[in-house]
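Descriptive structure summary
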Amino acid sequence: MGFFDKIKAGLKKTRDSITGQINSMLHAFTKIDEELFEELEELLVMADVGMNTATEICDTLRARVKERGITDPNEIMTLLQEVVTEMVSGDNELHLDTQPSVILVIGVNGVGKTTTIGKLAHRLSGEGKRVLLCAADTFRAAAAIEQLEVWAERADVPIIKHAEGADPAAVVYDTISAAKARHADVVICDTAGRLHNKKNLMDELSKISRIIDKGLPGCSKEVLLVLDATTGQNAVNQAREFKAAGLTGIVLTKLDGTAKGGVVLAIHRDLGLPVKFIGVGEQVDDLQPFDAEDFARALFERRPEA
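The text that follows walks through the structure, step by step, so that each part is easy to find. (Residues numbered from 1 in each chain as written. Predicted model: local features only at pLDDT ≥ 70, side-chain atom pairs only at ≥ 80, totals over all residues. Heavy atoms only, no water.)

1. Concerning the overall build of the chain
Put simply, the rule is: Going along the chain from the N terminus, every DSSP run of H or I of four or more residues is numbered as a helix, and every run of E of two or more is numbered as a strand. For the radius of gyration, the atoms used are the C-alpha atoms, and the globule rule reads 2.2 Å times the number of residues raised to 0.38. Three exposure classes are used, based on accessible area relative to the maximum for each residue type with a 1.4 Å probe and protein chains only: buried under 20%, partly exposed in between, and exposed over 50%. Here the open area of atoms and residues is found with the Shrake-Rupley method and a 1.4 Å probe, where only the protein chains shown may cover a residue.
Helices and strands together make up the secondary structure of the chain, namely twelve helices and eight strands. In terms of overall size, the chain behaves like a compact globule, its C-alpha atoms giving a radius of gyration of 21 Å where 306 residues would be expected to give roughly 19 Å. Projected onto its principal axes, the C-alpha positions of the chain cover 65 × 40 × 35 Å. Residue burial in the chain is summarised as follows: out of 306 residues, 54% are buried. Summed over its atoms, the accessible surface of the chain is roughly 13,100 Å², and 48% of this surface lies on carbon and sulfur atoms.

2. Quick notes on unusual backbone geometry
Of note, the bond from Gln99 into Pro100 is cis; its omega dihedral lies within 30 degrees of zero at -5 degrees. Locating Pro100 in the fold gives a position in the loop between α5 (76–88) and β1 (101–106). The backbone of Asp156 sits at a positive phi, close to 60 degrees, despite the residue not being glycine. Mapped onto the elements, Asp156 comes out in the loop between α7 (142–155) and β3 (159–160). Even without a glycine there, the phi angle at His183 is positive, about 55 degrees.

3. Concerning the sheet that holds β1
What counts is decided by this rule: Following DSSP output, two strands are said to pair if at least two bridges run between them. Two residues qualify as a contact provided that any one of their heavy atoms is within 4.5 Å of a heavy atom in the partner residue. Axes here mean lines fitted to C-alpha atoms, for a helix over just the part in contact, with angles spanning 0 to 180 degrees between N-to-C directions.
Strands sit in the order β3-β2-β4-β1-β5-β6-β7-β8 across an open sheet of eight strands; the sheet is mixed. Taken across any chain shown, the strands that pair with only one partner, and hence form the sheet edges, are β3 and β8 (287–289). Contacts between helix α6 (residues 113–126) and the sheet are confined to β1, β2 (131–135), β4 (186–190), β5 (221–228), β6 (249–253), β7 (275–279) and β8, with β4 contributing the most and set at about 170 degrees to the helix. Sitting on the sheet, helix α9 (residues 199–215) touches β1 and β5, and the angle it makes with β1 is about 175 degrees.

4. Observations concerning the layout of surface pockets
Cut-off, in case you're wondering: Only protein atoms enter the 1 Å grid used here, on which a cavity is any set of points holding a 1.4 Å probe that cannot leave and a pocket is any open set flanked by protein within 12 Å on both sides along at least five of seven lines; residues with an atom within 4 Å of a point are listed as lining. Grid points are joined across faces, edges and corners, and a volume is the space filled by probe spheres set on the points. Only Asp, Glu, Lys and Arg are considered charged in this grouping, and only Ala, Val, Leu, Ile, Met, Phe, Trp, Tyr, Cys and Pro are considered nonpolar; every other residue, Gly among them, is considered polar.
Estimated volume of the largest pocket: approximately 290 Å³. For the largest pocket, the lining is made up of 15 residues, of which Asn92, Glu93, Leu94, Phe277 and Pro289 are closest to its centre. For the lining of the largest pocket, the secondary structure elements donating two or more residues are α6, β7 and α12 (292–299). For the lining of the largest pocket, the residue count by class is seven nonpolar, one polar and seven charged. The volume enclosed by the second largest pocket comes to roughly 180 Å³. Top element by residues in the lining of the second largest pocket is α6. It accounts for three residues.

5. Here's the deal with helix α8 (residues 168–182)
Count 3.6 residues to each turn of an α-helix, and residues three or four apart come out pointing the same way. What counts, and what does not: Any helix carries an expected span of 1.5 Å times its number of residues minus one. Here a polar contact means two N or O atoms within 3.5 Å. Within protein one must be a hydrogen donor candidate and the other an acceptor candidate, and residues neighboring in sequence count only if both atoms are side-chain atoms.
Taking 1.5 Å of rise per residue, 15 residues should cover 21 Å, and α8 covers 21 Å from first to last C-alpha, within 8% of that figure. The set of residues buried in α8 consists of Pro168, Ala169, Val171, Val172, Thr175, Ile176, Ala178 and Ala179. In this structure, the buried residues of α8 make contact with β2, β3, β4 and α9. The N-cap of α8, judged by a side-chain oxygen 3.1 Å from the amide nitrogen of Ala169 a few residues on, is Asp167. Positive backbone phi, approximately 55 degrees, marks His183, located one or two places after α8.

6. Digging into the packing of helix α10 (residues 233–242) against helix α11 (residues 263–271)
To keep things clear, this is the line we draw: Oblique is the label for every angle not falling under 35 degrees (roughly parallel), over 145 degrees (roughly antiparallel), or within 65 to 115 degrees (roughly perpendicular). Should the near helix be turned counterclockwise from the far one by less than a right angle, the crossing is left-handed, whereas a clockwise turn marks it as right-handed.
Across the interface, α10 lies against α11 with an axial gap of 9 Å and an inter-helix angle of 30 degrees. If you check the angle between α10 and α11, you find them roughly parallel. Between α10 and α11 lies a crossing whose hand is right-handed. Residues Gln233, Ala235, Val236, Ala239 and Arg240 of α10 pack against Val263, Ala266, Ile267, Asp270 and Leu271 of α11. Of the residues assigned to the contact of α10 with α11, the class counts are seven nonpolar, one polar and two charged.

7. So, the pairing of β4
Among the five residues that make up β4, five are buried, leaving the element largely enclosed by the rest of the structure. Residues of β4 alternate between two faces, with Val186, Ile188 and Asp190 on one and Val187 and Cys189 on the opposite face, all of them buried. Here β1 pairs with β4 via five bridges, running parallel. By the bridge assignment, Ser101 is partnered in β4 with Val186.

8. Considering the pattern of salt bridges
Note the cut-off: Any Lys or Arg side-chain nitrogen found within 4 Å of a carboxyl oxygen on Asp or Glu counts as a salt bridge.
Summed over all chains, the structure comprises 17 salt bridges. The partner of Glu82 in a salt bridge is Arg68, and the shortest N-O contact between them spans 2.7 Å. Of this pair, Glu82 sits in helix α5 while Arg68 sits in helix α4 (residues 51–68); the two residues are 14 residues apart in sequence, bridging distant segments of the chain. The class of Glu82 is partly exposed, set by a relative accessible area of 26%. With its nearest N and O atoms 3.4 Å apart, the salt bridge here joins Lys276 to Glu222. Residue Lys276 is found in strand β7, and its partner Glu222 is found in strand β5; the two are separated by 54 residues along the sequence. With relative accessibility at 2%, the residue Lys276 sits in the buried group. Members of the salt-bridge network, linked through shared partners, are Arg64, Arg68, Glu82 and Glu86.

Limitation: the analysis is restricted to geometry and does not speak to function.
Right, dumping it as structure tokens:
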């Protein structure tokens, strides 16, 4: 299965639900009028696009329909792809320009953080990079560290760990030392998994960042927040709370498990955070780099009239 096909398959629930309704709605109209835009906006909100983003999309569509003299409602879906592509385009690349570079991965329990780290390690290792994992989320059960070890084994990359309950910053310090000694290209740190509204979590992340800045001054650093797409607007709220941690991007998991994949637009537009990867399945290669055009094309697929 190719890159686009994976994304298309991963978005099937959203496409069958919301996009199917949009297609049906457009086929019911014989002209483009205000009622059409009102119904479209409502359907976008139902897809967890968010009210502000849905309004902005429809306002842009209105302007382009008028500007281009479009009268056929069935052309709206192609226009929708165009507008959404522009809306979620941006700096979706990982910036790993130094040796080593560091990726801090944050996320509350249950979002698929450890699995994401394992898949990311597998991807980067497959690209020929020397990857080192850091088990710095030490306050979860010991099984969490064991789970990360399993992924390290699958990806065939080394891991630095301490005992459960150890100081996370100490694990990061040791990992940086090991990365220098082993000439690692990328360090991936599994960090805080506690609830985002606790002050000590932000303090811990700040401490870890200071240790990285001191041990690897000037290094490339990505701070990725892992979110569960199936939680919809709650994922947007989590991203809003975590933004203070200096996030550089989002990894959206379980996109194949939700009929409300429009949350990608809400996160990108409301918070100004690029989506760097999306999870579209359980396999190790189902963590896909986010591509705005492919996302829009796979989500808002125009269907022929029945």
